[in-house]
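What follows is each chain in one-letter form.
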Amino acid sequence: YSWDAQKFGGQFEGKVVASILPGIGSLANAQTKFKHAKAIPFRPDVDEADVPRTTKPGAGALTHYHNLTFFASQTIEAGEEIFVHYDDKDPWFKTRLSKMRNNTDSFKNEMVNDSNVDSHNSKREVDWIVKNGICLDNIKPGHSKIKGAGRGAFSTRLIPKGTIITATPLVLIENRDSLVLPKKKQQLLRNYCFGHSNSSLLFFPTSPVVNLINHANAEIISEENPTKKSAYTYNAKLQWSAWQHHEGRDWPQNLSLEQIKESKHSSGLVMEYVATRDIMPKEEILLDYGTEWLNAWINHEKAWKPPINAQAYSPSYIMDDIAGLLRTEKEQLDHPYASNIVTSCFYKYAGHTRNDGIDAHKTQNTKSAGQVTTVKWEMGRRTFDFSNLRPCSIMQREKLPDGQFIYTVMIKNRPGLVQEDIIPKGQMHVVSSVPRGAIRFTDKMYSTDQHLTNAFRHEIGIPNEIFPEAWKDL
């Protein structure tokens, strides 16, 4: 269920990064040919959702990446299954294909034949979908009305009490400790998972927008003080789905802990969100995360202080908005940018190699830098793919007659590049005539809010009354 982070700009978060795309990015099956993969992802928006590290205890508790939108590259007919594109050279796809080929029946049943998609039942009658499907468009994203909560989920229509608001498949994480990073830091993913304090299991929901449903208390905060009420009260609750068309409908009642951990049971569970009262159109959907989550948040909020030098932090996306003219490396000696950001360029080193561009341009040797290669920046068909974004240093700035500026930059390597895009050791690779639009500010590794040492981490609680006793192992 993970994607290559380089496709969406997440490669600067760390040395090894994977992205998870709830919604179409998780629910859709794959095709290896673009002509059959009609859902094409575009780049996400990036911002801190008005939860800055300077003033908000929730800083680092939510992802900055959001609103990743899939566009239809071709007409998608009503009832047609939506496919995304997987590169057949992708390691995940190659591993899955190998497993399927080892199981002849599975291979025949699951492998999509790119030359004849219709033969694999990729379309359903609309009447069948209306009768048997689950509606996922009852909610949409927006900015939460709860102070400091960031983004939220809002109803798109009237949702009567007792109605299923939405449903989500769950991806099983067998051991919550797998999300523990060095120095006992926790992966941000934990905040978006369901769990129970007496179980090592975690469950990640993959439907669209459900990850934006925020916490709210019961109407009365304290039985000792019944006149004190919460500003926001929950209007949704969780229940295991008994939907007839998913294989895991009876797993919570019938499977042991050992059985649920088997790979064939890793993605069959479905959780439903049910309205506990009538929910009005445009009303925020809120869920009670449980007492343990609430106590953890209260303790975090009491102890929280802004990190050291929080005021000096400058998010890269803000710098991109305000810095039209870029400073050269020499100018930065006197007027440096914030220590958490670097300049990066959209540039494909391998593309110039294949076109003989490097060899055809000026090459020289210097005692200090070794071999210096200079080429002119050119825009190709996929130059602005995030996989081509890599650190660069601004060496010179030149003003053109039309008032626009172009830059000469030195291109650098970064983790995650394929071998053909790595600049050989000892070579300085200089690119001229780079437009401002091909240069972006990016955050240094491990500098964004999700890496803060005091960022809040806690899973969302599954109510004890519905959590299987057999799955409690702690």
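Everything below is about the structure printed above this text.
Keep in mind that this is a model prediction, so the values were computed, not measured. (Residues numbered from 1 in each chain as written. Predicted model: local features only at pLDDT ≥ 70, side-chain atom pairs only at ≥ 80, totals over all residues. Heavy atoms only, no water.)

Draft legend 1. Highlighting the overall build of the protein. Counting its secondary structure elements, the protein contains eleven helices and 25 strands. Across the 474 residues of the protein, 43% fall into the buried class. In the form shown here, the protein has an accessible surface area of approximately 26,300 Å², with 51% of it arising from carbon and sulfur atoms. (Helix = DSSP H or I, 4+ residues; strand = E, 2+ residues; numbered from the N terminus. Buried < 20%, exposed > 50% of the residue type's maximum accessible area, 1.4 Å probe, protein only. Areas by Shrake-Rupley, 256 points an atom, 1.4 Å probe, with all protein chains shown as cover.)

Draft legend 2. Up close: the side chain of Ser241. Structurally, Ser241 is set in the loop between strand S15 (236-240) and helix H5 (251-254). Reaching out from Ser241, the side chain makes a polar contact with the side chain of Glu272 at a distance of 2.8 Å. (Polar contact = N/O pair within 3.5 Å; in protein donor to acceptor, adjacent residues only side chain to side chain.)

Draft legend 3. The arrangement of the pairing of strand S18 (residues 341-346) in detail. Of all six residues making up S18, five are buried, and the element is well covered by its neighbours. One ladder, built from three bridges, connects S18 with strand S21 (residues 389-399); its direction is antiparallel. The residue bridging Cys345 from the neighbouring strand is Arg390, located in S21. (Pairing = 2+ DSSP bridges.)

Draft legend 4. Quick look at a nonpolar patch on the surface. A contiguous nonpolar patch, built from Ile24, Ile76 and Ile82 and spanning about 190 Å² of accessible area, is present on the exposed surface. Relative to the helices and strands, Ile82 resides in the loop between strand S7 (70-72) and strand S8 (83-85). Take Ile82: its relative accessible area is 32%, and that puts it in the partly exposed class. (Patch = residues over 30% accessible without salt bridge, like charges linked within 9 Å, V, L, I, M, F, W, Y side chains within 5 Å. Salt bridge = Lys/Arg side-chain N within 4 Å of Asp/Glu carboxyl O.)

Draft legend 5. Molecular detail of unusual backbone geometry. Look at Lys282: it is not a glycine, yet its phi comes out positive at around 70 degrees. Of the residues examined, Lys282 reaches a relative accessible area of 62% and is grouped as exposed. For Tyr446, which is not glycine, the phi torsion reads 65 degrees and is therefore positive. Following the sequence through the fold, Tyr446 ends up in the loop between strand S24 (439-443) and strand S25 (460-461).

Draft legend 6. Structural context of helix H7 (residues 291-303). Between its first and last C-alpha, H7 extends 18 Å over 13 residues, near the 18 Å set by a 1.5 Å rise per residue. Turning to H7, its buried residues number three or more, namely Trp293, Trp297 and His300. Looking straight down H7, one finds its buried side chains confined to an arc of 65 degrees; they lie on one side. Within H7, the exposed residues directed more than 90 degrees away from the buried face are Thr291, Lys302 and Ala303. Elements in contact with the buried residues of H7: strand S14 (214-215). (Expected span 1.5 Å × (residues − 1). Arc of directions from axis to C-beta. Contact = heavy atoms within 4.5 Å.)

Draft legend 7. How the structure looks around the nonpolar core. In this structure, Ile165, Phe194, Phe203, Ile260, Leu287 and Trp471 are the most contacted members of the largest nonpolar core, which totals 36 residues. Of all elements in the fold, only strand S11 (164-173), S15, helix H6 (257-260), strand S16 (269-275) and H7 reach the threshold of two or more residues within this core. In terms of residues, this core owes the most to one element, S16, which gives four residues. Those residues in contact with Phe194, other than ones at most four positions away along the chain, are Leu170, Leu201, Leu202, Phe203, Pro205, Leu238, Met271, Tyr273, Leu287, Glu459, Ile460 and Ile462. Ala323, Ile394, Val431 and Val434 belong to the second largest nonpolar core, which has 22 residues in total. (Core = buried A, V, L, I, M, F, W, Y, C linked by side-chain atoms within 4.5 Å.)

Draft legend 8. Looking closely at the state of the cysteines. Following the criterion strictly, the structure yields one disulfide and no others. Sulfur-sulfur distance for the disulfide between Cys345 and Cys392 comes to 2.1 Å. Taking the torsion about the sulfur-sulfur bond, which here is approximately 75 degrees, the covalent link between Cys345 and Cys392 counts as right-handed. Pair noted here: Cys345 is in strand S18 and Cys392 is in strand S21, with a separation of 47 residues, a long-range link. (Disulfide = S-S within 2.5 Å.)

Draft legend 9. How the structure looks around the pairing of strand S22 (residues 405-411). For S22, the buried fraction is high: five of the seven residues fall into the buried class. Where S21 meets S22, seven bridges bridge the pair, whose relative direction is antiparallel. Across the sheet, Glu398 pairs through a bridge with Ile406, a residue of S22. Once S21 ends, the chain turns through five residues before running back antiparallel as S22, passing Gly403 with a positive phi of about 90 degrees. Alignment of S22 against strand S23 (residues 427-435), held across five bridges, turns out to be antiparallel. Paired with Ile411 across the strands is His429, a residue of S23.

Draft legend 10. Region of interest: the environment of Asn217. Within the fold, Asn217 resides in the loop between S14 and S15. For the pair Asn217 and Tyr289, spaced 72 residues apart in the sequence, the C-alpha separation amounts to 8.2 Å.

Draft legend 11. Expanded view of the side chain of Ser314. One can find Ser314 in the loop between H7 and helix H8 (316-322). Looking at Ser314, the relative accessible area reads 15%, which means it is buried. With residues up to four places along the chain from it excluded, the contact list for Ser314 reads Met319, Ala338, Asn340 and Ile341.

Draft legend 12. Here's a closer look at the pattern of salt bridges. Counted according to the given criterion, the structure contains 14 salt bridges. As a salt-bridge pair, Glu469 and Lys472 come within 2.8 Å of each other at their nearest N and O atoms. The class of Glu469 is exposed, set by a relative accessible area of 58%. Through salt bridges with shared partners, one network takes in Arg176, Arg190 and Glu459.

Draft legend 13. Structural detail: the packing of aromatic side chains. Scanning all chains against the criterion turns up 16 aromatic pairs. Look at Phe203 and Trp240: their rings are 6.2 Å apart centre to centre, the planes differ by 80 degrees, and that puts the pair in the edge-to-face class. With Phe203 in strand S13 (residues 202-205) and Trp240 in strand S15, the pair connects residues that are 37 residues apart, well separated along the chain. Like Trp240, Phe203 is buried. Judged by centre distance (6.1 Å) and plane angle (45 degrees), the ring pair of Phe346 and Phe386 falls under tilted. Of the two residues, Phe346 is situated in strand S18 and Phe386 in the loop between strand S20 (370-376) and S21; the sequence distance between them amounts to 40 residues. (Phe/Tyr/Trp six-rings, centres within 6.5 Å; stacked < 30°, edge-to-face > 60°.)

So yeah, pure geometry; function would need other evidence.
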